Amino acid sequence: MAVLSVSGADLVIGVATNNAPRPLLGTILHGSGSQPFNQGGEFSAHMNRHYDALDAVRFVAAIVVALHHDSVPILMDYLGHYGFDSAETLYRSALFGTAAVSIFFIVSGFCIHAPYVDAPPVSWRAYFARRYIRIVLPFCAILIPAFFLGVSYNPYAGFITWSLICEIVYYSLYPILRGAWRRFGWVPIIIISYTISYWCLGIPSLVDEGGAAFFALLSLRDVLHNLPIWLLGCLLADLAVRRRSVQIGLLIWPSRAVLALTMFATGWLHYTQTVHYIYSLPVAAPIFAMCIWWEIHANAAASVLVRGGRWSYSLYLVVHHSGFDSLAATG
């Protein structure tokens, strides 16, 4: 996902070329650099670099989302009946699906921006065709069986469609964002997006709850609120292409522990009604991004996770507790 919508073939890095600044409008419309594209509008195979670690990251994130939406295991339910009231909270916090979606956003921003950091002239027609086909067609394919199973894909009825809406908007905005990046860099853009991210939280309250306008404003809020998280992935891509690799070694496991603990902390704060995730996740996102950065440079992911990452979008699409219930009822 977003990585939500890309396959392993999208996790590529272009070979650096001349990257002289150009006017904003010209950059948006025409891109930069001088090397030609192949007929597919992408870099030639020998000019690409694949990061297996990102496949593994998104597969683990998809599993977390799946387990988060599934029923709490019988053991947790059993413990809850015997006085261990925090058992379910511990489970939900340890597998906090909303934090995993934030990780998807970061990886998505990385995958979208990395091939275009030092790109030849960009074929935006090819870019939009590739982006929309990869995210929209699989989603449409799942809507047909969902309709017959009675599964709702309402973005705000418990399903993850809201994140796909965000992804489509980010894909659409990327040519403009890339032009702004070439003029100003990612840091000021991210700072501005963080300011807008928290300012927009009250947007849905401008209209009565429940109507079409309310849900439209909810979507606008989610898009603006998660934009800085997605842009952190773009910043990682910029760093990965322009900087030398660093030796990580055994430090990768402390990094993974920090990532897991941060996800758990945001979940625990949310489920104990201390801090809602809508406030905590943007703050935690730079920690997520740093850990993903270390994962990229360690490049030590298990092969089974890398292979699983190629199916993560499909897994992400079918995650819905109502869908599992419907399947069980019809089986």
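Residues numbered from 1 in each chain as written. Predicted model: local features only at pLDDT ≥ 70, side-chain atom pairs only at ≥ 80, totals over all residues. Heavy atoms only, no water.

A. Here's a closer look at the overall build of the protein chain. Scanning the protein chain from N- to C-terminus turns up 14 helices and 0 strands. Shown N-terminal to C-terminal, the secondary structure of the protein chain runs as helices and strands in the order α-α-α-α-α-α-α-α-α-α-α-α-α-α. Within the span of the protein chain, comprising 331 residues, buried residues form 49% of the whole. Accessible surface, the protein chain: about 15,800 Å² in total, of which carbon and sulfur atoms supply 67%. (Helix = DSSP H or I, 4+ residues; strand = E, 2+ residues; numbered from the N terminus. Buried < 20%, exposed > 50% of the residue type's maximum accessible area, 1.4 Å probe, protein only. Areas by Shrake-Rupley, 256 points an atom, 1.4 Å probe, with all protein chains shown as cover.)

B. Just the side chain of Thr262, in detail. With respect to the helices and strands, Thr262 occurs in helix α10 (residues 252–271). Judged by its relative accessible area of 13%, Thr262 is buried. Ignoring sequence-local partners within four residues, the contact set of Thr262 consists of Ala284, Ile287 and Phe288. (Contact = heavy atoms within 4.5 Å.)

C. Up close: the packing of helix α5 (residues 97–113) against α10. Look at α5 against α10: their axes get within 8 Å of each other, and the N-to-C directions meet at 130°. As summarised for this structure, α5 and α10 are arranged oblique, according to the angle between their axes. Of the residues in α10, those touching α5 at Ala99, Ala100 and Ile103 are Leu259, Met263 and Thr266. Each residue belonging to the contact of α5 with α10 can be placed in one class, and the counts come to 5 nonpolar, 1 polar and no charged. (Axes fitted to C-alpha atoms, helices over the stretch in contact; angles between N-to-C directions. Parallel < 35°, antiparallel > 145°, perpendicular 65-115°, else oblique. Nonpolar A, V, L, I, M, F, W, Y, C, P; charged D, E, K, R; others polar.)

D. How the structure looks around a nonpolar patch on the surface. Together, Tyr132, Val136 and Ile168 line one region of the surface with nonpolar side chains, adding up to about 190 Å² of accessible area. With respect to the secondary-structure elements, Tyr132 resides in helix α6 (residues 124–149). A relative accessible area of 31% places Tyr132 in the partly exposed class. (Patch = residues over 30% accessible without salt bridge, like charges linked within 9 Å, V, L, I, M, F, W, Y side chains within 5 Å. Salt bridge = Lys/Arg side-chain N within 4 Å of Asp/Glu carboxyl O.)

E. Up close: the packing of aromatic side chains. As enumerated under the stated definition, the model contains 16 aromatic pairs in all. Between the aromatic rings of Phe105 and Tyr170, the centroid separation amounts to 6.0 Å while the plane-to-plane angle is 70°, which identifies the pairing as edge-to-face. With Phe105 in helix α5 and Tyr170 in helix α7 (residues 161–184), this residue pair connects regions lying 65 residues apart in the sequence. In this pair, the class of Phe105 matches that of Tyr170, namely buried. Ring geometry for Phe214 and Phe215: centres 5.6 Å apart, planes at 70°, overall edge-to-face. By relative accessible area, which is 12% here, Phe214 ends up buried. Given a relative accessible area of 32%, Phe215 falls into the partly exposed group. Put simply, the rings of Tyr116, Trp124, Tyr127, Phe128, Tyr132 and Tyr174 touch in pairs and so form one group of aromatic residues. The ring of Tyr171 carries the charged tip of Arg131 above its face, separated from the ring centre by 5.9 Å. The ring centre of Trp253 lies 4.4 Å from the NZ or CZ of Arg256, which sits over that ring. (Phe/Tyr/Trp six-rings, centres within 6.5 Å; stacked < 30°, edge-to-face > 60°. Lys NZ or Arg CZ within 6 Å of the ring centre and 35° of its normal.)

F. Molecular detail of α5. With 17 residues, α5 ought to run about 24 Å at 1.5 Å a step, and its terminal C-alpha atoms sit 25 Å apart, in line with that. Judged by how many residues are buried, α5 sits mostly within the fold: 17 of 17 residues are covered. (Expected span 1.5 Å × (residues − 1).)

G. Summary view of the pattern of salt bridges. Applying the stated rule across the entire model yields 3 salt bridges. Taking the shortest distance from any N to any O, the salt bridge between Asp55 and Arg58 comes out at 3.0 Å. Highlighted residues: Asp55 and Arg58, both in helix α2 (residues 52–69), separated by 3 residues, approximately one helical turn. One salt bridge connects Arg221 with Asp222, and the closest N-O pair in it is separated by 3.1 Å.

H. The arrangement of the packing of α5 against helix α11 (residues 277–298) in detail. At a closest axis distance of 9 Å, the pairing of α5 and α11 adopts a crossing angle of 50°. Between α5 and α11, the crossing angle belongs to the class labelled oblique. For α5 against α11, the interelement crossing comes out right-handed. Here Thr98, Ala99, Ser102, Ile103, Ile106, Val107 and Phe110 of α5 come into contact with α11, specifically with Tyr277, Leu281, Ala285, Phe288, Ala289, Ile292 and Ile296. Of the residues in the contact of α5 with α11, the class split is 12 nonpolar, 2 polar and no charged. (Left-handed = near helix turned anticlockwise from the far one by under 90°.)

I. Expanded view of unusual backbone geometry. In this structure, Gln273 is a non-glycine residue whose phi angle is positive, near 60°. Note on placement: Gln273 falls in the loop between α10 and α11. Gln273 gets classed as exposed once you look at its relative accessible area, which sits at 76%.

J. Region of the structure containing the environment of Tyr198. On the secondary structure map, Tyr198 appears in helix α8 (residues 186–199). For the pair formed by Tyr198 and Arg221, sequence separation is 23 residues and the distance between their alpha carbons is 9.3 Å. Setting aside residues up to four positions removed in sequence, Tyr198 forms contacts with His225, Ile278, Tyr279, Pro282 and Val283.

K. Structural context of the nonpolar core. Core analysis: the biggest nonpolar cluster contains 66 residues, and Ile103, Phe110, Trp230, Leu231 and Phe288 have the highest contact counts within it. Within the residue set of this core, elements represented by two or more residues are α2, α5, α6, α7, α8, α9 (212–242), α10 and α11. (Core = buried A, V, L, I, M, F, W, Y, C linked by side-chain atoms within 4.5 Å.)

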